[in-house]
Amino acid sequence: MSDQDRKLAELSFLHEVAQLASSARDWDEMLRIIIERTTDAMGVEVSSLYLLEPREGVLRLVATNGLNRRFIGKATLRVGEGITGWTASARVPAAARDVRADPRFKWIQGVDEERFTSMLSVPLLIRDEIVGVMNVQTVRERAFDRAEIEFLQTIANQVAGIIEKSRLQREAEGKLRRAKLSSTQLPTYYVGLREWLAFRKKYQDAAGKNFNLMKFHDAVLDEGPLPVPVVEKLLMPTADKQ
């Protein structure tokens, strides 16, 4: 395949991934589509995605189609730990022809499998900030060439953009929900406040000089979380005895 044909094939793949990701029903399906298509495009047996949790400084496995799926959301590596963590720390790709001979490699019990030999990791960057790492692995020994490394990095760049867009969309939806909730709760709050103030004045008028605000509040609290009209019926007969 000529360089031009390869570039066209890569562009076609990236366009397809973008379309499939945008039509995904949810976050998990989007990640699954990206991982599966990357595996096919790279001609590998495994693709995996780790996303950074900045506060904890760890990379968490969020998607894979060849490693133990029971560890999705559970398996973690610290930044700088293993080939994945090294890639996140250095922010450059890392290729290992044989992971068993690479001192950076760290075996994750229950996740990694001995049958996988070669590995390529590339960083996910958004505005030069690391947000995750994408890995591919093969059973047979393989020396990833420059074109393959650049292609996986291009995929990772697109994935980073998709993740950022999805994150911003979720934040916007969250803000909208909170705004709607606040606009719904605010009138209810003021209605409730007016009811309590009206009841307190009525009780104070009935108690006259004997009214004691602290005793009033204690009496109200003793009745528990009841509607204002119910509390009023319970307490008004005692107002003149306060």
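Whatever comes next refers back to the structure up there.
Overview of the structure. (Residues numbered from 1 in each chain as written. Predicted model: local features only at pLDDT ≥ 70, side-chain atom pairs only at ≥ 80, totals over all residues. Heavy atoms only, no water.)

1. Observations concerning unusual backbone geometry
Unusually for a residue other than glycine, R91 sits at a positive phi of about 60°. Relative to the elements of secondary structure, R91 occurs in the loop between α3 (82–90) and β4 (94–96). Residue classification places R91 among the partly exposed positions, given a relative accessible area of 38%. Although it is not a glycine, D128 adopts a positive phi angle of roughly 70°. As for its position among the elements, D128 is in the loop between β5 (118–126) and β6 (129–138). You can call D128 exposed: its relative accessible area is 60%. (Helix = DSSP H or I, 4+ residues; strand = E, 2+ residues; numbered from the N terminus. Buried < 20%, exposed > 50% of the residue type's maximum accessible area, 1.4 Å probe, protein only.)

2. Digging into the sheet that holds strand β3 (residues 76–78)
An order of β3-β2-β1-β6-β5-β4 is seen for the 6 strands of this open sheet, with the pairing classed as antiparallel. Since the sheet does not close on itself, it has two edges, and those belong to β3 and β4, each with one partner. The sheet shows a mean angle of 25° between the axes of neighbouring strands, taken without regard to direction. Inspection of the sheet shows strand β2 (residues 58–64) paired to β3 by 3 bridges, in the antiparallel sense. Bridge pairing links V58 to R78 in β3. (Pairing = 2+ DSSP bridges. Axes fitted to C-alpha atoms, helices over the stretch in contact; angles between N-to-C directions.)

3. Details of empty space enclosed by the protein
Tallied over the entire structure, the rule returns 1 cavity of 30 Å³ or more. The calculated volume of the largest cavity comes to roughly 100 Å³. If you trace the largest cavity, you find 14 residues lining it, with Y50, L77, T84, D112 and M119 closest to the centre. Sorting the residues of the lining of the largest cavity by element identifies α3 and β6 as the ones contributing at least two each. A total of 3 residues in the lining of the largest cavity trace back to one element, the largest contributor, which is α3. Looking at the lining of the largest cavity residue by residue, the classes come out as 8 nonpolar, 4 polar and 2 charged. (1 Å grid on protein atoms, 1.4 Å probe; cavity = no way out; pocket = protein on both sides within 12 Å on 5 of 7 lines; lining within 4 Å. Points joined across faces, edges and corners; volume = space filled by probe spheres on them. Nonpolar A, V, L, I, M, F, W, Y, C, P; charged D, E, K, R; others polar.)

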